[in-house]
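Each chain is listed here by its residues.
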Amino acid sequence: MTLKNRKTLGKLLAWVSCGFVVAATVLWLTPEEGPVDVAAEPELALPVTVLPVTPGPWTSQVQANGVTQALWQTDFGATVAGRLAESHPGLPGTFVSQGEALIAIAPQNYQADVDAQMARLANAQLNLARIKNEQTAAKSLGRVKTAFGRMEPQVQAAKAELRAAESALTVAKTQLAETRITAPFDAVILARQVTPGQWVTPGAPLFRLAASHALEITVPLTQYQWQQLGNLALGNKAKVATQIGQHYSAKVRYLSPVLDSSTRQRSVVLQVDQPFHQKVPLLPDEFVTVTFSGTTLANVVQLPTGTITDGRFVWVLESGRLVKTPVDILNRGNTEVVARFVQQTTTSQSKGEVRQVVRYPLNSMIAGQRAQSVDLGAAQAALDVANEGVKP
């Protein structure tokens, strides 16, 4: 090896040795680090305010408007003509009993007609008896060969005359009886159109009556309201309220079998008993509000409107986690909704135990997210105390 090569190798070894020394120095000067903790950070719980609610049975209420109507409203007048002899003194609003006289027409002419028809009937009976006697005498001779000779046509004519006389007498007696008009049922007088001594013509209305024991209310319902009511049956109860705040009890009288031609709605007709004998009478042609009790549903709660998310969900806190739960909205008001949980997630909830509904849901909430219930009132009180402590 030449001298030049030996110098080059010495320089290289020197540089390598310096590198080792520098590396050793750096390692000696660097502080020893401990083991790295790779454990995950604990999950933070979202503070939420919850509203404890207990699902239970709920009966739907259906409200609709209706109009009261007089029951059996009828205009009564005379069926015969004549001078008015008597009339009931009652004014509109007066009650009359069944069979009580309303008007009486002077009966003299009709009594005379009855007497005349009775005389005609007596003559017809006498004529028939005479012809039959003659017929018997003719037959006894034994030489009668024809029907006319046996007086058969004469007998038939006499019998026809007798029947006509009997019918005429019946009509005369009916007209005599109709000179007195009586109330056909217990009624209240709605209108009176008679004056003493007036001449009465057949068909002219004199009194307008309506049944006093009951009054009808016609209530049109939409298809949705019919579905809420379920199986509405005769005799079902309903509550009636007037515009001045008076309340009455009613029952279903019948269900209309047809739809209204203009509204395409089906009506239910209610009956209010003794409407005119109430402390504040319920009168015909009043606008009223009717409240029906519908079907009873289980697992129903009342919630503030702000708890509803996406139209049909609520957030429920279960075992420290948020659960987005679907609900059916049964009734929606200005500040509250009546909702029914669509499904149950635990056995305890199916028994109607308390459910923790989030009072103020956030758009950022995620199903399964950890959450913790906080007392909004207590938190506000603590904040107020803290603020008092930092005042100068």
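The text that follows walks through the structure, step by step, so that each part is easy to find. (Residues numbered from 1 in each chain as written. Predicted model: local features only at pLDDT ≥ 70, side-chain atom pairs only at ≥ 80, totals over all residues. Heavy atoms only, no water.)

**As for the overall build of the chain**
Logical step 1: Scanning the chain from terminus to terminus reveals six helices and 21 strands.
Logical step 2: By the burial criterion, 31% of the 392 residues in the chain qualify as buried.
Logical step 3: For the chain, the computed accessible surface area is about 24,700 Å², with 56% contributed by carbon and sulfur atoms. (Helix = DSSP H or I, 4+ residues; strand = E, 2+ residues; numbered from the N terminus. Buried < 20%, exposed > 50% of the residue type's maximum accessible area, 1.4 Å probe, protein only. Areas by Shrake-Rupley, 256 points an atom, 1.4 Å probe, with all protein chains shown as cover.)

**Digging into the pattern of salt bridges**
Logical step 1: Under the definition given, this model contains seven salt bridges.
Logical step 2: Among the ionic pairs, R130 bridges to E134, the shortest N-O distance being 3.1 Å. Placement of both R130 and E134 in helix α2 (residues 108–141) is noted, with a separation of four residues, approximately one turn of the helix. (Salt bridge = Lys/Arg side-chain N within 4 Å of Asp/Glu carboxyl O.)

**Some remarks on the pairing of strand β12 (residues 214–221)**
Logical step 1: Among the eight residues of β12, six are classified as buried, and the element is accordingly described as predominantly covered.
Logical step 2: Two strands pair when backbone bridges link them, and β12 and strand β15 (residues 266–273) are joined in this way by eight bridges, in the antiparallel orientation. The residue of β15 that forms the bridge with L221 is R266. (Pairing = 2+ DSSP bridges.)

**Things to note about the pairing of strand β3 (residues 56–70)**
Logical step 1: In terms of strand pairing, β3 meets strand β16 (residues 287–304) through ten bridges, oriented antiparallel. Note on β16: the bridge partner recorded for N65 is T289.
Logical step 2: As judged from the four bridges shared by β3 and β12, these two strands associate in the antiparallel manner. Looking at the pairing, T68 lines up with I217 of β12.

**Details of the sheet that holds strand β4 (residues 74–77)**
Logical step 1: Sheet architecture is open: four strands sit in the order β4-β11-β9-β6, paired in antiparallel fashion. Looking at the sheet topology across the chains shown, the edges are occupied by β4 and β6 (95–96).
Logical step 2: Examined bridge by bridge, strand β9 (residues 187–192) and strand β11 (residues 205–211) share five bridges and lie antiparallel to one another. The partner of R192 across the bridge, within β11, is F207.

**Concerning the nonpolar core**
Logical step 1: Core analysis: the largest hydrophobic core is formed by 25 residues, its most contacted members being I217, V219, L221, V268, L270, V290 and F292.
Logical step 2: Ranked by residues supplied to this core, first place goes to β12 with four residues.
Logical step 3: With residues near it in sequence (within four places) discarded, L221 still touches A64, W226, L229, Q265, R266, V268 and F292.
Logical step 4: Counting 22 residues, the second largest nonpolar core, distinct from the first, contains V80, L102, I105 and F207. (Core = buried A, V, L, I, M, F, W, Y, C linked by side-chain atoms within 4.5 Å. Contact = heavy atoms within 4.5 Å.)

**Describing the packing of α2 against helix α3 (residues 152–177)**
Logical step 1: Remark: α2 packs on α3, axes separated minimally by 8 Å, with the N-to-C direction vectors making an angle of 165°. The pairing of α2 with α3 is recorded here as roughly antiparallel in orientation. α3 is crossed by α2, and the crossing has left-handed handedness.
Logical step 2: Each residue belonging to the contact of α2 with α3 can be placed in one class, and the counts come to 16 nonpolar, seven polar and eight charged. (Axes fitted to C-alpha atoms, helices over the stretch in contact; angles between N-to-C directions. Parallel < 35°, antiparallel > 145°, perpendicular 65-115°, else oblique. Left-handed = near helix turned anticlockwise from the far one by under 90°. Nonpolar A, V, L, I, M, F, W, Y, C, P; charged D, E, K, R; others polar.)

**Notes on the sheet that holds strand β8 (residues 180–182)**
Adjacent strands of a sheet pair through backbone hydrogen bonds, lying either parallel or antiparallel.
Logical step 1: Across the sheet, which stays open at both edges, the four strands sit in the order β8-β7-β5-β10 with antiparallel pairing between neighbours. Both edges of this open sheet fall to β8 and β10 (199–200), since each of them pairs with a single strand only.
Logical step 2: Two strands pair when backbone bridges link them, and strand β7 (residues 101–105) and β8 are joined in this way by three bridges, in the antiparallel orientation. The residue bridging I103 from the neighbouring strand is I181, located in β8.

**Observations regarding the packing of aromatic side chains**
Logical step 1: Counted according to the given criterion, the structure contains two aromatic pairs.
Logical step 2: Between F95 and F276, the ring centres sit 6.4 Å apart and the planes meet at 70°, which makes this aromatic pair edge-to-face. With F95 in strand β6 and F276 in the loop between β15 and β16, the pair connects residues that are 181 residues apart, well separated along the chain.
Logical step 3: Looking at F276, the relative accessible area reads 12%, which means it is buried. (Phe/Tyr/Trp six-rings, centres within 6.5 Å; stacked < 30°, edge-to-face > 60°.)

**Considering α3**
Logical step 1: In a regular helix each residue adds 1.5 Å, so 26 residues correspond to 38 Å; α3 covers 38 Å between its end C-alpha atoms and thus fits that length.
Logical step 2: Along α3, the positions that sit buried rather than exposed are Q154, V155, A158, L162, A165, A168, L169 and A172.
Logical step 3: Lining the buried residues of α3 we find α2. (Expected span 1.5 Å × (residues − 1).)

**A closer look at α2**
Logical step 1: Taking 1.5 Å of rise per residue, 34 residues should cover 50 Å, and α2 covers 50 Å from first to last C-alpha, within 8% of that figure.
Logical step 2: Residues of α2 that are buried include every one of Y110, V114, Q117, L121, A124, L128, I131, Q135 and A138, and no others.
Logical step 3: Where α2 is buried, its residues touch α3.
Logical step 4: G142 occupies a position one or two residues after α2 and carries a positive phi of about 75°.

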